[in-house]
Amino acid sequence: MAQLSPSRPVLVVAAPGDTQDSILSAVAAQELDAEVVTEPERLGELWRTASTVIVADDLAELVAGRALPHREGVYVVGPEPEKLSMWSAPLSARVIPLPEGAAWLGAVLGEGSSRSRAPVVAVIGGSGGVGASTLAAALAQLSAARGPSGAALVDADSLGGGIDLLLGAERVQGWRWPRLNSAEGHLGDLRPYLPVVDGVSVVSMARGAELDLAREPLAAIVASLCTWHSAVVLDPGRSKAPAAREAVRLASRQLLLVSASVRGVAAARQAVAGHDLERAELVVRRGRGALPSDLVAEAVGLPVLAELPEERGLAGAAERGEPPARGARRGYRKAVDRLLDLVLSGAGE
Ligand SMILES: Nc1ncnc2c1ncn2[C@@H]1O[C@H](COP(=O)(O)OP(=O)(O)OP(=O)(O)O)[C@@H](O)[C@H]1O
Ligand SMILES: [Mg+2]
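Residues numbered from 1 in each chain as written. Chains lettered and ligands numbered in written order. Predicted model: local features only at pLDDT ≥ 70, side-chain atom pairs only at ≥ 80, totals over all residues. Heavy atoms only, no water.

Looking at the packing of helix α6 (residues 132-146) against helix α14 (residues 330-345)
- Running from N to C, α6 and α14 cross one another at 70°; their axes reach a closest spacing of 9 Å. When the interaxial angle is binned, α6 and α14 end up roughly perpendicular. Residues T134, L135, A138, L139, L142, S143 and R146 of α6 touch α14, and the partners they reach there are Y332, R333, V336, D337, L339, L340, D341 and L344.
- Of the residues that constitute the contact of α6 with α14, the class distribution is nine nonpolar, two polar and four charged. (Axes fitted to C-alpha atoms, helices over the stretch in contact; angles between N-to-C directions. Helix = DSSP H or I, 4+ residues; strand = E, 2+ residues; numbered from the N terminus. Parallel < 35°, antiparallel > 145°, perpendicular 65-115°, else oblique. Contact = heavy atoms within 4.5 Å. Nonpolar A, V, L, I, M, F, W, Y, C, P; charged D, E, K, R; others polar.)

Rendered as structure tokens:
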């Protein structure tokens, strides 16, 4: 993710009124500076230099009419859905409806700012049951073991059965998704409220409740976790639900775990196309008779970052609720530790 210099303000293109007020309060909550432009003909250099550009829906037409150069980090916001969708494409902008998207707006502002933030790693399974949730949990566990600020693990897979079971966290007290799903505005430190296992703060599903995971709270929660942890690991699952897609988008590193087999590679290719994983890196799970990793890379069309061994003890550990990087599974733990080195050092980016 591009990190921009702290002196770059947020450009707010909005006339005085409710929308401008909402934007400016989100900017203030993130402790960022704003440059407000009420007449789009006065945009000048700010369009290019601002860290993030927020355009109110009622000025979007005038901004689009100026045929400005393409840039990343533009958002059209406001209460009118038709205007939002009409001006999204001409401005290459993402859309944030207000007032309901206020928390999401805060999250994107925080994301675009230069504040030092933990890496956000999404682990996506190239095929079902390949070990993505296990790897996500092991990465979070080993990352937490390295430093005092711990790591966070976020379950964004509404069909995944709950990552707390994998960590043996289902009896640990704390908030689950249903409590957090209505998160709004600027969230402070969530650590005191979340279940913690082996230094990992877990944001997990609760079983039973039918959950409509919204992407807005996810962005707000991840933004908050980044501020208070040394790494944030996301488990989006393989569905195309909005929260899963947002989890993939929010990640600064996308790891696609692929089984080194003909079917594993074929499924991974579909996952790449279906989830827009062009910037993902491969983690190749190798077992007996595995295809060579360079062949896997060529067939999937993405670089290999690391390899993971077959580890027989993992399934039993998961059944017992014993976290994957705990216990005697040394080969697996070593491989995940090496992968973590690469992720934390920014290697391969
Ligand atoms: N490297 C490995 N070697 C052997 N078994 C593994 C390995 N990684 C995971 N497993 C086992 O495979 C099973 C599926 O793992 P996991 O739930 O992590 O997969 P997933 O990709 O998240 O699945 P889903 O598609 O359901 O989300 C578990 O029993 C787990 O313990
Ligand atoms: Mg899973």
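Thoughts on the nonpolar core
- By size, the foremost hydrophobic cluster in this structure holds 58 residues, and its most contacted members are L105, L225, L256 and V300.
- The element best represented in this core is helix α9 (residues 215-228), accounting for seven residues.
- When residues are assigned to domains, this core turns out to be shared by domain 1 (10-112) and domain 2 (120-345), each giving three or more.
- I163, L166, A169 and A306 belong to the second largest nonpolar core, which has 36 residues in total. (Core = buried A, V, L, I, M, F, W, Y, C linked by side-chain atoms within 4.5 Å. Buried < 20%, exposed > 50% of the residue type's maximum accessible area, 1.4 Å probe, protein only. Domains from an automatic or database assignment.)

Notes on the pattern of salt bridges
- Evaluated as defined, the whole model comprises 13 salt bridges.
- The residue E281 makes a salt bridge to R253 at a minimum N-O spacing of 2.9 Å. Residue E281 is located in strand β12 (residues 281-286), and its partner R253 is located in strand β11 (residues 253-259); the two are separated by 28 residues in the primary sequence.
- A relative accessible area of 6% means that E281 is categorised as buried.
- One salt bridge connects E310 with R285, and the closest N-O pair in it is separated by 2.9 Å. (Salt bridge = Lys/Arg side-chain N within 4 Å of Asp/Glu carboxyl O.)

Focus: the sheet that holds strand β2 (residues 34-37)
- Spatially, β2-β1-β3-β4-β5 is the arrangement adopted by the five strands of the open sheet, whose pairing is parallel. Edge positions in the sheet fall to β2 and β5 (94-97), since each has one partner strand and no second. Each strand of the sheet is rotated relative to its neighbour by a mean of 25°, with strand direction disregarded.
- Summarising the sheet, strand β1 (residues 10-13) and β2 pair through four bridges and their orientation is parallel. Across the sheet, residue V10 finds its bridge partner in β2, namely A34.
- Across the sheet, helix α5 (residues 102-112) touches β1, β3 (52-56), β4 (74-78) and β5, and the angle it forms with β5 is around 140°. (Pairing = 2+ DSSP bridges.)

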